[in-house]
Amino acid sequence: MREFLDMGGYAAFVWPAYAVTLAVVVANIVWARRLLRQAQAAARRRMAAAGAQP
Amino acid sequence: MNWTWFHRLGSPPHAYRLAQRLTPWFAWPAAILCLLALYGGLVLAPPDYQQGEGFRMIYVHAPTAWMSLMVYTTMALAAAVALIWRIKVAHAAAAACAPIGASFTFAALVTGSLYGEPMWGTWWEWDPRLTSELILLFLYLGYMGLRAAIEDPQRADRTSAVLAVVGVVNVPIIHYSVSWWNSLHQAPTVMRFGKPHMSPAMLWPLLVMLIGFTLLFAALLLVRLRAEILARERNAAWIREELGA
């Protein structure tokens, strides 16, 4: 395990590279889902406002 | 040839519902393939004879760099379709691509910098490949900035689409930069004519990761596309029906 984490002396480069990529992937997933929820909430509000004034 | 399917794709309610139905079919295979490739790349692949264990950075660097180019090409195609046939859904798709592409271009530059320091002895060099990839990041950011700066949504769609289409010239420049000019960056290993220059044990995790990232992009694009469609459709009856509002 220690040997694996050491990455043949490249640990200081390999792990940050994987960490940055993972962070970008996770951020994209969270970000896209939040954007959709916000757009749905905004559309619902618009509909409610439009429905209130015939 | 029957083009009804194409026209149906341009209909916002149809595109919205199709995107919703398709998302899990891309998201789950993407997750499975990325995890498989992660195990293959970090554990199963043998160390490289020149770069040792450091070569494992290729399994995140090449896929993020691939995404930066593939997402831009998709964005430019969507923008071109939107401009030529005046399809609102295509404008929505182009707009949905930009933040995804920008973030993966950022990841490609950072992982490339981390790869460059131990292998070339430098974090950054004003080299053709690196410089053209940095310009790609600025193209994405310029596209997003332009959209944000124009208040009228239809004008924002059209103006930013022109920028996206013009900027696509940078994509072949990035790809061929390593062959056209002297570059620190190595020549293509996989994306080349003929056989890839890589042993199968090292190659399969890379190919699986590339497919996994591509599917991830499709899933992200479909989710963002729905948000963009909702924002463009002001008071359509189908939204009322869809959201139960």
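Residues numbered from 1 in each chain as written. Chains lettered and ligands numbered in written order. Predicted model: local features only at pLDDT ≥ 70, side-chain atom pairs only at ≥ 80, totals over all residues. Heavy atoms only, no water.

Q: How would you explain the overall build of chain B if you had to name every residue and give the values?
A: A count of helices and strands for chain B gives nine helices and zero strands. When the helices and strands of chain B are placed in sequence order, the string is α-α-α-α-α-α-α-α-α. The C-alpha atoms of chain B give a radius of gyration of 20 Å, which matches the 18 Å a tight globule of 245 residues would have. With the C-alpha coordinates of chain B rotated into their principal frame, the extents come out at 60 × 35 × 35 Å. By the burial criterion, 50% of the 245 residues in chain B qualify as buried. In chain B, the share of contacts with a sequence separation of at least 24, taken over all contacts with a separation of at least 6, comes to 74%. Of the roughly 12,000 Å² that chain B leaves accessible, carbon and sulfur atoms contribute 68%. Distance between charge centres in chain B, computed from 17 positive and 13 negative side chains, equals 11 Å. (Helix = DSSP H or I, 4+ residues; strand = E, 2+ residues; numbered from the N terminus. Rg over C-alpha atoms; globule rule 2.2 N^0.38 Å. Buried < 20%, exposed > 50% of the residue type's maximum accessible area, 1.4 Å probe, protein only. Contact = heavy atoms within 4.5 Å. Areas by Shrake-Rupley, 256 points an atom, 1.4 Å probe, with all protein chains shown as cover. Lys, Arg positive; Asp, Glu negative; His and termini not counted. Charge placed at Lys NZ, Arg CZ, Asp CG, Glu CD.)

Q: Help me get a handle on helix α3 (residues 58-85) of chain B, residues and values and all.
A: In an α-helix there are 3.6 residues to a turn, and that puts residues three or four apart on one side. With 28 residues, α3(B) ought to run about 40 Å at 1.5 Å a step, and its terminal C-alpha atoms sit 40 Å apart, in line with that. At the exit of α3(B) stands B:Arg86, carrying a positive phi of roughly 50 degrees. (Expected span 1.5 Å × (residues − 1).)

Q: Would you mind going over the interface of chain A and chain B in detail, with residue names and values included?
A: Taken together, the contacts link 30 residues of chain A with 41 residues of chain B. Together, the buried faces of chain A and chain B total about 3,100 Å²; carbon and sulfur atoms form 76% of this surface. The three residues of chain A that bury the most area against chain B are A:Phe13, A:Tyr18 and A:Met47, which together make up 22% of that side's buried surface. At the junction of chain A and chain B, the tally comes to zero salt bridges. (Buried area = accessible area lost by both parts, 1.4 Å probe. Salt bridge = Lys/Arg side-chain N within 4 Å of Asp/Glu carboxyl O.)

Q: Could you give an account of the environment of B:Val110, naming the residues involved and the relevant values?
A: Residues and elements named next belong to chain B. With respect to the helices, strands and loops of the structure, valine 110 is situated in helix α4 (residues 88-120). Classification of valine 110 by relative accessible area gives partly exposed; the value is 23%. When the C-alpha positions of valine 110 and alanine 219 are compared, they lie 24 Å apart, and in sequence the two are 109 residues distant.

Q: Describe unusual backbone geometry, with residues and values.
A: A positive phi angle is found at A:Met7, which is not glycine, with a value near 50 degrees. Despite not being glycine, B:Arg86 has its phi angle at roughly 50 degrees, a positive value. Mapping B:Arg86 onto the fold places it in the loop between α3 and α4. A residue is classified by how much of its surface remains accessible, and B:Arg86, at 70% relative accessible area, is exposed.

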